[in-house]
Amino acid sequence: MISKDTIEKVFETARVEEVIGDFVQLKRAGSNLKGLSPFVNEKSPSFMVSPVKQIWKDFSSGKGGNAVTFLMEHEHFTYPEAIKYLAVKYNIEIEETVQSDEEVAQANEKESMYLVSEFAQKYFHHTLLETEEGKAIGLSYFKERGFTSDTIKKFGLGYSPETWDAFTKEALGKGYKLEYLDKTGLSIVKEDKQFDRFKGRVMFPIQSMSGRVLGFGGRILTNDKKAAKYLNSPESDIYHKSKVLYGIFHAKQSIAKLNNCYLVEGYTDVIQMHQAGIENVVASSGTALTPDQIRLINRLTPNITVLFDGDAAGLRASIRGIDLILEAGMNVKVCTFPDGDDPDSFARKTSYEDLQLYFEENAKDFIQFKASLLMQEAKNDPIKKADLIRDMVISISKIPDRIKREVYIKECSRIMDISEDVLFNTLAQLVKKDLSEANKQHKEEQKAFEVVRNDIAQPTTKVDIQYELEHKIIQILLLYGDKEVSFEDTILAQNEDGEMVEVKEQNNYKVFQRIYLSLQEDEVELANPVFKAIYNHLIAYFNENEVFELDKYLMHLPEELAQEVTTILMNEEREVLHNWEVQQIYVKQKEATISQYVTETIITLRWYLVNNIIDELKNNLSTDEEPDNSEALEMVIAYLGLTHIFSKNLGRVLSRYN
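A quick note: this is a predicted structure, and the numbers were derived from the prediction, not measured.

Criteria and thresholds
Along every chain, residues carry numbers that run from 1 in the direction the sequence is written. The model is predicted, so local features are restricted to residues of pLDDT at least 70 and side-chain atom pairs to those at 80 or more, both for listing and for counting; the totals for chains, interfaces and linings are taken over all residues. Water and hydrogen atoms were dropped before computing side-chain values, which therefore reflect all heavy atoms in the structure. Only the stretch in contact is used when a helix axis is fitted, and all axes are lines through C-alpha atoms; the angle between N-to-C directions ranges over 0 to 180 degrees. A helix here means a DSSP run of H or I that spans at least four residues, while a strand means a run of E at least two residues long, and both kinds are numbered starting from the N terminus. For classification purposes, an angle smaller than 35 degrees is called roughly parallel, one larger than 145 roughly antiparallel, one from 65 to 115 roughly perpendicular, and anything else oblique. Handedness of a crossing is defined here by the sense of rotation of the near helix relative to the far one, left-handed for an anticlockwise turn of less than a right angle and right-handed for a clockwise turn. Residue contacts are defined here by distance: any two heavy atoms, one from each residue, within 4.5 Å place the two residues in contact. Known as pLDDT, the predictor's confidence for each residue is given on a scale from 0 to 100. By this rule the span expected of a helix is its residue count minus one, scaled by 1.5 Å. A residue's bend is given by the angle between axes fitted to the 7 residues ending at it and the 7 residues starting at it. Note on classification: 1.4 Å probe, protein chains only; a residue is buried when its accessible area is under 20% of the maximum for its type, exposed when over 50%, partly exposed between these limits. Any carboxyl oxygen of Asp or Glu within 4 Å of a side-chain nitrogen of Lys or Arg constitutes a salt bridge here. Between any two strands, pairing holds if DSSP finds at least two bridges. In plain words, nonpolar cores are sets of buried Ala, Val, Leu, Ile, Met, Phe, Trp, Tyr and Cys residues tied together by side-chain atoms within 4.5 Å.

## What about the packing of helix α1 (residues 4–13) against helix α4 (residues 79–89)?
Running from amino to carboxyl end, α1 crosses α4 at an angle of 60°, the nearest separation of the two axes being 10 Å. Comparing the axis directions of α1 and α4 gives the class oblique. Remark: the crossing between α1 and α4 carries left-handed chirality. On the side of α1, the interface is formed by Ile-7, Val-10 and Phe-11, while α4 contributes Tyr-79, Ile-83, Leu-86 and Ala-87.

## Considerations on the confidence of the model for the chain
When pLDDT is averaged across the chain, the result is 81; 79% of the residues are at 70 or more. With pLDDT under 50 throughout, residues 448–461 is counted as low confidence; its partners more than four residues away or in other chains account for 1 contact.

## A closer look at helix α7 (residues 132–144)
Counted at 1.5 Å a residue, the expected span for α7 with its 13 residues is 18 Å, and the 17 Å between its end C-alpha atoms agrees. The axis of α7 is deflected most strongly, by about 30°, at Gly-138. Gly-134, Gly-138, Leu-139, Tyr-141 and Phe-142 are the residues of α7 that are buried. Contact partners of the buried residues in α7: α6 (109–130), α8 (149–154), β6 (158–160), β9 (201–207) and β10 (213–220). Directly beyond the C-terminal end of α7, a positive phi value near 90° is found at Gly-146.

## Here we look at the pattern of salt bridges
Note that side chains of opposite charge can pair when their charged atoms are close. Across all of its chains, the model carries 19 salt bridges by this definition. Salt-bridge contacts for Glu-411 lead to Arg-414; the nearest nitrogen and oxygen are separated by 2.6 Å. Of this pair, Glu-411 and Arg-414 both sit in helix α20 (residues 402–416), 3 residues apart, which is roughly one turn of that helix. The exposure class of Arg-414 is exposed, given its relative accessible area of 55%. Beyond isolated ion pairs, a larger network of salt bridges with shared partners links Glu-81, Glu-111, Glu-118 and Arg-212.

## With respect to the side chain of Ser-160
In this fold, Ser-160 is placed in strand β6. For Ser-160, a relative accessible area of 1% translates into the label buried. In contact with Ser-160, not counting residues within four places along its chain, are Phe-124, Phe-198, Lys-199, Gly-200, Arg-201 and Met-203.

## Re the sheet that holds β9
Judged by pairing direction, the sheet is antiparallel, and its 4 strands sit side by side in the order β6-β9-β10-β11 without closing on themselves. The open sheet has two free edges, formed respectively by β6 and β11 (230–232), since each of these has just one partner strand. Neighbour to neighbour, the strand axes of the sheet diverge by 35° on average, direction disregarded. Pairing of β6 with β9, which is carried by 3 bridges, proceeds in the antiparallel orientation. Considered in β9, the bridge of Ser-160 is made with Arg-201.

## Here's the deal with the pairing of strand β7 (residues 187–190)
In terms of strand pairing, β7 meets strand β8 (residues 193–196) through 4 bridges, oriented antiparallel. Counted as the bridge partner of Val-189 is Gln-194 from β8.

## Focus on the nonpolar core
Among the nonpolar cores identified, the biggest contains 68 residues, and Ile-20, Leu-71, Leu-86, Val-282 and Phe-366 are the most heavily contacted of them. Those residues in contact with Leu-71, other than ones at most four positions away along the chain, are Val-19, Phe-23, His-76, Phe-77, Ala-82, Tyr-85 and Leu-86. Grouped together as the second largest cluster of nonpolar side chains are 53 residues, Met-113, Ala-120, Leu-139 and Tyr-267 included.

## Some remarks on helix α9 (residues 166–173)
A turn of α-helix holds 3.6 residues, and therefore any two residues three or four places apart point the same way. Considered for burial, the residues of α9 that qualify are Ala-166, Phe-167, Thr-168 and Ala-171. Buried residues along α9 sit against α6, α10 (178–183), β7 and β8. A positive backbone phi angle near 95° is found at Gly-175, which sits one or two residues after α9.

Rendered as structure tokens:
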């Protein structure tokens, strides 16, 4: 287990904006940062990060927390994994206590698969650099491709021996279970036999955005026509080919910084471009581009430049992915290389400066690229040209932004030498068709919903006053609980004539003490179970700690309570009152002083609870012909007197600060 000291150092050092900035492109929004949600597909940013409070909140998915919880949510790390990741990121030495056999046995299956994959990467890399076979075959191949030692180390390249079970034997000998070798696809298990999937191949580790090894790509070096040239790990609990981009771990910071992502096809394309100095590049690993892969890039930048080989046959098939990129609302440029060249070969013989210049001069907007490519196929055939134009308009119809659509239609009109009216009419038909289909689907879903809804009485929307007031109390404790401020107290004192009169005096309290004493005085408990649990945690924390440190406080909270705390704090950043004044709830916002803020909230909660008691008493009044309601009426009158006092006190508080 990781020592308590290490965990505390991690929480003290890690900056939530830096950690999340490795995965999501963040932009300044006042004192906060915002970006696109990394958990759902969205076009308007709803993901907020507070550097001051060191928390984040995703208003689309409802998730939230600190740097550790982000890694647990986004990378599916366990708590120890997240701590270790941050320790490595911030160069913090990890101190661990010895784990028991039982604790080791409790490691979950997914973690076991990650550990097997990480072991495999180290084994293949060691075999490449330290064995005679690895150096003679694998290392020679990489050197022939022009890869330097630093590049080989950076990408963790390796070699799997030309022996049926060399890796499997080594892994089993090191204590890794055959079950996980099988599930990751590193070993193929058939009855009582097992052998290596990647026998005799050079190895390319495929990493997640955080750098965890998910799977492998292996290239065969012989001319065996029966064997696939490239072989990938099979789908597993940790490797989903359609959701991974090769090179994203090494490219993410450069992509976000340069606000552009180069998209290539193969492993060596990525590696060679990196070696040439172009680091904002990833590969779809030879698979058709998927929406999940596009979303991965969209978290970092809205701009993609697709780099295609000079092979015309491959171009036609590859441009289908462009429509998916457009549909995601992203900006697409396309750059091709001279015949016979691909990103790998071109980068190998071109300097960094010349590469940059080539991309600047040759990257075309998708509409220009698609037009020039398809026009070569259509040539002078009017039918093919008509199909081409329709193909172009279909691509434009995928763009969600209407202004962009119009700009592209005008550009298409100019390139194709056809009237804008015809293109706009075609576009309108396509959009109308898409809308019609979407509307039809919506109506079908709505119809199904109506069947359910008709059986349920629909309540009118109403603000839950007690919920909102309890929410306010938790928010005040989180923001100001450890602050010491001056509050006005009312005490009874004897005047010169011997009469008991109210006297006002100022006393200093910690905010949490004032709230606690006020609620205790009235024997009030919070009704909402989540708020009640957070309240109890907070009061205990304040009593044990002089200063409130949010990150340390969140460490000790159950996950569901931590989620609620971050929601409350981030909502405070963008909160708007729900016409509370109309409903006689006079809770002011942050411009009020803290003591006023606390006093108003407590008085309003008391007022609300007493009114509830009055209503209950009225409802219980007897309706008999000779009712004896005297006791109940006396209680109603007494409680009405209390509401009058609350009203007077609230008015005095309001007038003092207005």
